[in-house]
Amino acid sequence: MALAAATLASSPRVCISVSAAGMNSSGLSVSLGARRVPGISVQIHSQRRRIVAAAAVARGDEGAGKTFVEEMRAAAMRMHTKDQTSEGEKELEGPSLNELEPNLDAYLRFLVDSKLIFQTLENIVDRAAVPWYAEFRNTGLERSEALKKDLKWFSEQGHTIPEPSALDTKYASYLEELSEKDQQAFFCHFYNMYFGQSAGGRLTGKKIADKILNKKELEFYKWEGTLSELLQNVRTKLNQVASNWTREEKNRCLEETVTSFAYSVDRLRKIFT
Ligand code: HEM
């Protein structure tokens, strides 16, 4: 099957190349490195290698003394396109998100999918099958309750709330599985979902609200307390936990950034199609 890089890469600000080579009839399913992830197909080997190599460079030269969260952030920034942030390294392929109109039905689907993923992350840390997950309960960054309120509001406005997409349903299962089998990789998703939402997620939400919601600020983009402090508390805890990880475990976490972006970028992209 022809390369479907276009599926994600030609969409606004999307920077992950996607291969359809392993698609099955139910949609997308391709192995991600050694791990098989149902639901999304991404050519990641070279990207993962680049992220780990860049992390090594950062530790050696430019970033000696970097905390692990700084390493995770650097890996995430590398996955951005240059127009998203000055630290982005990817070329923009296709039109910029700013040039496209968001679609309200698609945005509702995005909110439903986001609720599913945040709820999954929050359930996992609440259950704390791995004891240190409990450190990340009630951080103040939780988003599922806020999204519940937003969806109730849309429903009251007469909108039909859709079911979660098949892809994000699979992503939720993937996170459940990862949380049991690979704590380090799981925490990469945790980090990117919450920190991404507080940065680019907020910017995108504002642009969408300006265009199609008459500037209404959704609860999804509001935090109780001072956001910078909430983020800093979580950074501190993440650094504490990661201080017990081997270099190999840290690298596994960094490599997972590619998969985390693949799912989130796909979720975002659909708002504009
Ligand atoms: C439309 C798409 C996006 C835009 C416009 C965007 C933009 C940004 C911007 C402006 C920053 C702040 C850079 C700075 O500190 O100066 C940022 C940070 C970040 N973004 Fe994105 N981003 C997008 C998508 C994503 C996605 C899909 C993820 C991952 C799921 C993500 C994860 C992150 C993370 C982890 C940070 C670092 C936050 C921190 O250090 O507190 N971003 N992004």
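On a predicted model such as this, the values are computed, not experimentally measured, just so you know.

Enquirer: I keep staring at the overall build of the protein and nothing clicks. Help me out?
Expert: Check the secondary structure of the protein and you find ten helices and two strands. Taken from N to C terminus, the helices and strands of the protein fall in the order α-β-β-α-α-α-α-α-α-α-α-α. The buried share of the protein, reckoned over its 273 residues, is 38%. Taking contacts inside the protein between residues at least 6 apart in sequence as the whole, the part at least 24 apart equals 69%.

Enquirer: Where do I start with the site of the ligand in this structure?
Expert: Every one of the 22 residues lining the ligand counts as a neighbour, but Ala76, Gly196, Ala199, Gly200 and Ser264 are closest to it. Of all the elements in the fold, those that place two or more residues in the shell around the ligand are α3 (68–78), α7 (183–212) and α10 (257–269). No other element matches α7, which puts eight residues into the shell around the ligand. When its residues are assigned to classes, the shell around the ligand shows nine nonpolar, ten polar and three charged.

Enquirer: How should I be thinking about unusual backbone geometry in this particular structure?
Expert: At alanine 128, a residue that is not glycine, the phi angle is positive and equals roughly 45°. Relative to the helices and strands, alanine 128 is located in the loop between α4 (104–127) and α5 (144–156). Of note, the phi angle at lysine 215 is positive, near 70°, even though the residue is not glycine. Checked against the element boundaries, lysine 215 lands in the loop between α7 and α8 (227–242). Residue lysine 215 is classed as exposed on the basis of its 9 C-beta neighbours within 10 Å.

Enquirer: Any chance you could explain helix α6 (residues 166–181) here in plain terms?
Expert: Helical geometry note: an α-helix holds 3.6 residues per turn, so side chains three or four residues apart project in the same direction. In a regular helix each residue adds 1.5 Å, so 16 residues correspond to 22 Å; α6 covers 22 Å between its end C-alpha atoms and thus fits that length. The set of residues buried in α6 consists of Asp168, Lys170, Tyr171, Ala172, Tyr174, Leu175, Leu178 and Ser179.

Enquirer: In this structure, what is going on with α4? I would like to understand it.
Expert: Under the 1.5 Å per step criterion, the end-to-end length of α4 is 34 Å for 24 residues, consistent within 8% with the ideal 34 Å. Of the residues flanking the end of α4, it is alanine 128, one or two places downstream, whose phi is positive at about 45°.

What counts, and where the lines are drawn
- Residues numbered from 1 in each chain as written.
- Predicted model: local features only at pLDDT ≥ 70, side-chain atom pairs only at ≥ 80, totals over all residues.
- Helix = DSSP H or I, 4+ residues; strand = E, 2+ residues; numbered from the N terminus.
- Buried ≥ 20, exposed ≤ 12 C-beta atoms within 10 Å, placed from the backbone.
- Contact = placed C-beta atoms within 7 Å.
- Near = placed C-beta within 6 Å.
- Nonpolar A, V, L, I, M, F, W, Y, C, P; charged D, E, K, R; others polar.
- Expected span 1.5 Å × (residues − 1).

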